[in-house]
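The chain contents come next:
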Amino acid sequence: MGSVESKLDELRRQLNDYSYRYHVLDDPVVPDAEYDRLYQELVKLEHEYPELVTRDSPTQRVGEQPLGEFSEVAHELPMLSLDNAFSNEDLNAFDKRVRDRLDLAEVQYTAEVKLDGLAISLLYEHGKLVRAATRGDGTTGEDVTSNIRTIKSIPLALRTTGFPGRLEVRGEVFISKTGFEELNNRQRAQEEKIFANPRNAAAGSLRQLDSRITAARPLQFFAHGIGIVDAGEIPESHFDILQSLKSWGLPVSAETERVAGMEQCIGFYRRIADIRAQLPYEIDGIVFKVDDLEHQAELGFVSRAPRWAIACKFPPEEAVTEVLDIEVQVGRTGALTPVARLSPVRVGGVTVTNATLHNADEVQRKDVRVGDTVIIRRAGDVIPEVVRVIPEKRQEGSQAFTMPAQCPVCHSPAERVEGEAAIRCSGGLYCRAQAIQSIIHFASRTAMDIEGLGDKLVEQLFNEGLIRDISDLFHLDHEQVAALERMGNKSAENLLQAIEASKNTRFDKFLYALGIREVGQTTARNLATHFQLDEIREATQEDLCQVRDIGPVVADNIVRFFRDERNVAIVGKVISAGVVWESMRADDATELQGKTFVITGTLASLSRNEAKERLISRGAKVSGSVSARTDYLVAGENPGSKLDKARSLDVRVLDEAGLFEILGRDEDV
Ligand code: 5U1
């Protein structure tokens, strides 16, 4: 093989490996900037040698020429649906039927989450993805190969060896909760359709005839089974099949377990129901599948559903209630958000009293009025929203709602910005609501993380005239704070200490804390690994668009933010107050660049995840297991077998102080 070919091969192998670690093992080993650097290297080399571009290269995921229509795919094996159980009795009855037919006292099941997404079939031939199809009616689906190829967590080629020559993988395409929020924010900013829920967003994204649009959507995939298997062997249990799929490069939900008997099934259901709101994606139930494939074959199926599987649905997350009032809230960026005040109602286990109506267009489209009876929906920890009005229950003489022409807080004119769905208060930071919200955001946990400085306290400090913008936080004195109502000496001291501690921050957190429109945590992180602050301040829209996932709209928001002298002055005052951070640029990290770390045991002053983030931000890799390629093992309390292995392989072992020393030394370079 020529040297260019082997270089291309090596780049693709490395990128696929990083992608596998990120998407399948949920254990990234390099910072995004390093992935981007290699990706750009591959793009450049493929551009020079177009004849050497392969169909399964990581660069071949950006979308293709739009289709006229989707062609039909006849499923060789039908894609079945699932019977539902809505109670413990239903589940027990299912288990009894299974035990009776198999003549067993207890049955082993695989328990999985049931994602609220779209069922998809992926066909791999000789390890290459050759076709992807929707479920359709179970017999015939649509060919969505071009769209599916853009989903980064779906391998274009299977990893390792041992997979069947022809293998159909089945699973669910979905959008995570944060992906959904970010997508709708983008849609709103571009005056595009707002999706009602992550499932609709995933469906809409997959039904695009132009796969370049799909490529820009945050679609993900989890495999949950197989269809066709030819020319090869697969394990004899469903759980083991899922493990094989994972080893071949396909993502499988981490919430998957082998359970025996009903007690364990119900235990799994309860555990997932408890953490449902914290899961990063929406689920609508749990699926139990008889684990042994021979048993599955013995049970067979009736009409469209297998006798060996059942879905236990969670209680609905929709409810009916009455709109008591519609108020308009002013957000951090001045956006006016209509909010329905509701007659309290229980939805998915919590009492809901408010639901967002998003923006003027949404209220108008849904025509929600005071006094209406409405259906509201609460999905996970997403803010409850009004789904629709029940028109038959509308009261006579009700008035359509219109957005105010002035900001309800500062009375500045409300403006509709060209190209945006939101109506905004034009008062900027002179608007009390915007000023307060921007300080609340700055102090929040994911931003500067000022412990104890919550919404109420910010409002109190603002109303007492002690702060006007974020920089004033760093000049509060003990006497002023202690004199506040319900405060006292100790709380004032704690607050001032927390503000002091927040001065040592991370650059991405600082950027995010500034509250630049549409600069969320991911964008802030991407910016921070590319630029220093003065470079961002000077950057043009074009410079900013070079950064991963930053498009012209976000770039324009950043340029505008730093063009406003008031913002520049405030940022300057914050820095003069002593806020500092360490560089996150991969090329600024030297000693740790490329070194592989494993972290084990409990660290006293930071979590394993925090330690991992700090190492990765300096260009180090963090792996889950010790091998001869490990450079350092960081061992906290109760390190377990990894410490023994590290010692046997002569890997350098660091305690917590050693870790800080190496991080500190790297900072000095
Ligand atoms: N996790 C999971 N979801 N889900 C949906 N497994 C699963 N299996 C399905 C469906 C419709 O069907 C097969 C059991 C046929």
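All values derive from a computational prediction rather than experimental measurement.

1. Structural notes on the site of the ligand
Logical step 1: Lining the immediate surroundings of the ligand are Leu80, Leu82, Glu112, Val113, His224, Val287, Lys289, Trp308 and Ala309.
Logical step 2: One of the side-chain N or O atoms of glutamate 112 is found 2.7 Å from a nitrogen atom in the ligand.
Logical step 3: Between a nitrogen atom of the ligand and a main-chain N or O atom of valine 113, the distance comes to 3.0 Å.
Logical step 4: Considered on its own, the ligand offers 380 Å² of accessible surface; in the complex 85% of this is hidden by protein.
Logical step 5: Mapped by element, the contributors of at least two residues to the shell around the ligand are β3 (108-115) and β10 (283-290).

2. Some details on the sheet that holds strand β2 (residues 84-85)
Logical step 1: If you trace the five strands from one edge of the open sheet to the other, you get β2-β13-β10-β3-β9, paired in mixed fashion. Whereas interior strands pair on both sides, the edge strands pair on one side only; in this sheet they are β2 and β9 (256-260).
Logical step 2: Pairing of β2 with strand β13 (residues 309-313), which is carried by two bridges, proceeds in the parallel orientation. Counterpart to alanine 85 in the pairing with β13 is cysteine 312.
Logical step 3: Against the sheet, helix α3 (residues 88-102) contacts β2, β3, β10 and β13, and its axis sits at roughly 170° relative to β13.

3. With respect to the packing of aromatic side chains
Logical step 1: Within this structure, the stated rule accounts for twelve aromatic pairs.
Logical step 2: On the numbers, 6.3 Å between centres and 20° between planes, the contact of tyrosine 35 with tyrosine 39 is stacked. Pair noted here: tyrosine 35 and tyrosine 39 are both in helix α2 (residues 32-48), with a separation of four residues, about one helical turn.
Logical step 3: Taking the relative accessible area as the measure of exposure, tyrosine 35 reaches 18% and is therefore buried.
Logical step 4: Members of the aromatic cluster, joined through ring pairs, are Phe174, Phe222 and Tyr281.

4. Thoughts on the pairing of β3
Logical step 1: The element β3 is largely enclosed, with a buried count of seven among its eight residues.
Logical step 2: As paired strands, β3 and β9 are joined by five bridges and run antiparallel to one another. Bridge assignment links tyrosine 109 to a residue of β9, and that residue is valine 259.
Logical step 3: Pairing geometry for β3 and β10, over seven bridges, is antiparallel. Bridge pairing links glutamate 112 to valine 287 in β10.

5. Remarks on unusual backbone geometry
Logical step 1: Phi is positive for aspartate 367, close to 50°, though the residue is something other than glycine.
Logical step 2: We classify aspartate 367 as partly exposed; its relative accessible area is 27%.
Logical step 3: Phi is positive for asparagine 638, close to 50°, though the residue is something other than glycine.
Logical step 4: One can find asparagine 638 in the loop between β25 (632-635) and α23 (641-648).
Logical step 5: With relative accessibility at 66%, the residue asparagine 638 sits in the exposed group.

6. Here's the deal with the nonpolar core
Logical step 1: If you look at the biggest cluster of nonpolar residues, it comprises 57 residues, and the most contacted ones within it are Leu453, Leu473, Phe510, Leu527, Leu544 and Ile558.
Logical step 2: With residues near it in sequence (within four places) discarded, isoleucine 558 still touches Ile516, Val519, Leu527, Ile536, Leu544 and Ile550.

About the thresholds
Residues numbered from 1 in each chain as written. Predicted model: local features only at pLDDT ≥ 70, side-chain atom pairs only at ≥ 80, totals over all residues. Heavy atoms only, no water. Near = heavy atom within 4 Å. Polar contact = N/O pair within 3.5 Å; in protein donor to acceptor, adjacent residues only side chain to side chain. Areas by Shrake-Rupley, 256 points an atom, 1.4 Å probe, with all protein chains shown as cover. Helix = DSSP H or I, 4+ residues; strand = E, 2+ residues; numbered from the N terminus. Pairing = 2+ DSSP bridges. Contact = heavy atoms within 4.5 Å. Axes fitted to C-alpha atoms, helices over the stretch in contact; angles between N-to-C directions. Phe/Tyr/Trp six-rings, centres within 6.5 Å; stacked < 30°, edge-to-face > 60°. Buried < 20%, exposed > 50% of the residue type's maximum accessible area, 1.4 Å probe, protein only. Core = buried A, V, L, I, M, F, W, Y, C linked by side-chain atoms within 4.5 Å.

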